[in-house]
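Architecture and fold: a report
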Amino acid sequence: MNNVPDFVVAIPARYASTRLPGKPLAALAGVPMVVHVARRALAAGAREVWVATDDARIAAALEGFDGVRVAMTRADHASGTDRLAECARQAGWGEQDIVVNLQGDEPFAPAAGIRAVAATLAGSGAPMATLATPVEDAPTLFDPNVVKLVRNAQGDALYFSRAPIPWHRDAFARSRDALPPGQWLRHIGIYGYRAGFLQRFAAMPPGTLEQVESLEQLRVLEAGFRIAVSLSPEPFPPGIDTPEDLARADALMRATA
């Protein structure tokens, strides 16, 4: 991962959130969350950083932030991928430009991890890349809110699931309280794409597996495309989805400011 390619970062930031409305503007140490996320992207060395939003309040929070541009996108996008595809068109990125999709609720995303997904994409030749980290305990493996994945020998994703994969038949028949020997991987929701493939991805109809698992990345695998997966070089703290998550993040941000 020493040779980091030229890349851009796009941050989807939708105002409406089911569990935490207005999440991009939620204050962490007195600063809107979306600003913290954009700072992480700049710290990673992105050539350009764009925030793709549908709300003027989010755009206003980024006014005067040198190095960050805002794409005002449609409010009716079904997913962050669709929003980023519109952002890419507005930005005018070339077909082969590397676009890193950094989620708008990742204010602690490590710069090394952002660079790693860009390097994985460039080094693999795949049209899409992502990161993973080892699962450390059985409750995490069996948590349906934690997405797991398996890879092939070349490091490409074979499948993503909310279920424990692979299923250790003999060990789990005896107990599900501890992890047997082996490596289970938790998916980290950061992606890299070639800009041309991002448009193709957004134009694909939802796949059957995607609809069953509610995992958009399965659309890519079901359509026959590769997703390269590398292990994250640094831990990714969990994203922020609830008021409790927000309170913990605010305390951590203040403690480390």
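A short tour of the structure in this document, coming up. (Residues numbered from 1 in each chain as written. Predicted model: local features only at pLDDT ≥ 70, side-chain atom pairs only at ≥ 80, totals over all residues. Heavy atoms only, no water.)

1. Some points on the packing of helix H1 (residues 33-43) against helix H4 (residues 111-124)
The cut-off we apply is this: Angles run from 0 to 180 degrees between N-to-C directions of axes, and those axes are lines fitted to C-alpha atoms, restricted for helices to the stretch in contact. Under the scheme used here, helices are H or I runs from DSSP no shorter than 4 residues and strands are E runs no shorter than 2 residues, and both carry numbers assigned from the N terminus. For classification purposes, angles smaller than 35 degrees are called roughly parallel, those larger than 145 roughly antiparallel, those between 65 and 115 roughly perpendicular, and all remaining angles oblique. Crossings are classed by handedness, with left-handed meaning an anticlockwise turn of the near helix from the far one by less than a right angle and right-handed meaning a clockwise turn. By definition, residues are in contact when any of their heavy atoms lie within 4.5 Å.
Relative orientation of the contacting elements H1 and H4 amounts to 60°, with a least axis distance of 8 Å. The pairing of H1 with H4 is recorded here as oblique in orientation. For the element pair H1 and H4, the recorded crossing hand is right-handed. Here Arg40, Ala41 and Ala43 of H1 lie close against H4, whose contacting residues are Ala111, Ile114 and Arg115.

2. Quick notes on helix H10 (residues 243-256)
The periodicity of an α-helix, 3.6 residues per turn, causes residues three or four places apart in sequence to face the same way. Heads up, the rule is: In this scheme, a helix's expected span is set at 1.5 Å multiplied by one less than its residue total. Throughout, exposure labels follow a simple rule: accessible area from a 1.4 Å probe, protein chains only, divided by the maximum for the residue type, with under 20% read as buried, over 50% as exposed, and the rest as partly exposed. This arc is built from the directions going out from the helix axis to the C-beta atoms.
The end-to-end C-alpha separation of H10 is 20 Å, in line with the 20 Å expected for 14 residues at 1.5 Å each. For H10, the complete set of buried residues consists of Asp245, Leu246, Ala249, Asp250 and Met253. Around the axis of H10, the buried residues are gathered within 135° of arc, so they sit on the same side. Exposed side chains of H10 directed beyond 90 degrees from the buried face belong to Arg248, Arg254 and Ala255. Of the surrounding secondary structure, the elements contacted by the buried residues of H10 are strand E2 (27-28) and H1.

3. Section: the pattern of salt bridges
The following threshold applies: What counts as a salt bridge is simple: a side-chain nitrogen of Lys or Arg found within 4 Å of a carboxyl oxygen of Asp or Glu.
Per the counting criterion, the structure on display carries 14 salt bridges. For the salt bridge of Asp97 with Arg47, the shortest nitrogen-to-oxygen distance reads 3.7 Å. With Asp97 in the loop between helix H3 (80-91) and strand E6 (98-101) and Arg47 in the loop between H1 and strand E4 (48-53), the pair connects residues that are 50 residues apart, well separated along the chain. Linking Glu210 and Arg219 is a salt bridge whose minimum nitrogen-to-oxygen distance equals 2.8 Å. Exposure class is identical for Glu210 and Arg219. Each is buried.

4. Description of the packing of aromatic side chains
Selection rule: The criterion for an aromatic pair is that two Phe, Tyr or Trp rings (for Trp, the six-membered ring) have centres within 6.5 Å, with stacked assigned to planes under 30 degrees apart, edge-to-face to planes over 60 apart and tilted to the rest. The rule for a charge over a ring is simple: NZ of Lys or CZ of Arg within 6 Å of the ring centre, and within 35 degrees of the ring normal.
Throughout the structure, instances matching the rule amount to nine aromatic pairs. Arranged with centres 5.1 Å apart and planes meeting at 65°, the rings of Phe197 and Phe225 form a pair that is edge-to-face. Separated by 28 residues along the polypeptide, Phe197 in helix H7 (residues 195-203) and Phe225 in the loop between helix H9 (218-222) and strand E11 (228-231) bring together distant segments of the chain. A relative accessible area of 7% places Phe197 in the buried class. Residue Phe225 is classed as partly exposed on the basis of its relative accessible area, which comes to 22%. One cation-aromatic arrangement involves Arg57 over Tyr15; the distance from NZ or CZ to the ring centre is 3.8 Å.

5. Digging into unusual backbone geometry
Each neighbour pair has its own omega, and for Ile165 with Pro166 the value is -10°, a cis peptide bond. On the secondary structure map, Pro166 appears in the loop between strand E9 (157-161) and helix H6 (169-174). Notably, Ala29 is not glycine yet its phi reads approximately 55°, a positive angle. The exposure class assigned to Ala29 is partly exposed, which follows from its relative accessible area of 27%. Despite not being glycine, Ser214 shows a phi value in the positive range, around 55°.

6. Topic: the environment of Val150
As for its placement among the helices and strands, Val150 is situated in strand E8 (residues 148-151). Once the C-alpha coordinates of Val150 and Phe197 are considered, the two residues, 47 residues apart in sequence, prove to be 23 Å apart. Leave out the neighbours within four places in its chain, and Val150 touches Asp156, Ala157, Leu158, Tyr159, Ile165 and Pro166.

Purely spatial values, then, with no claim about function.
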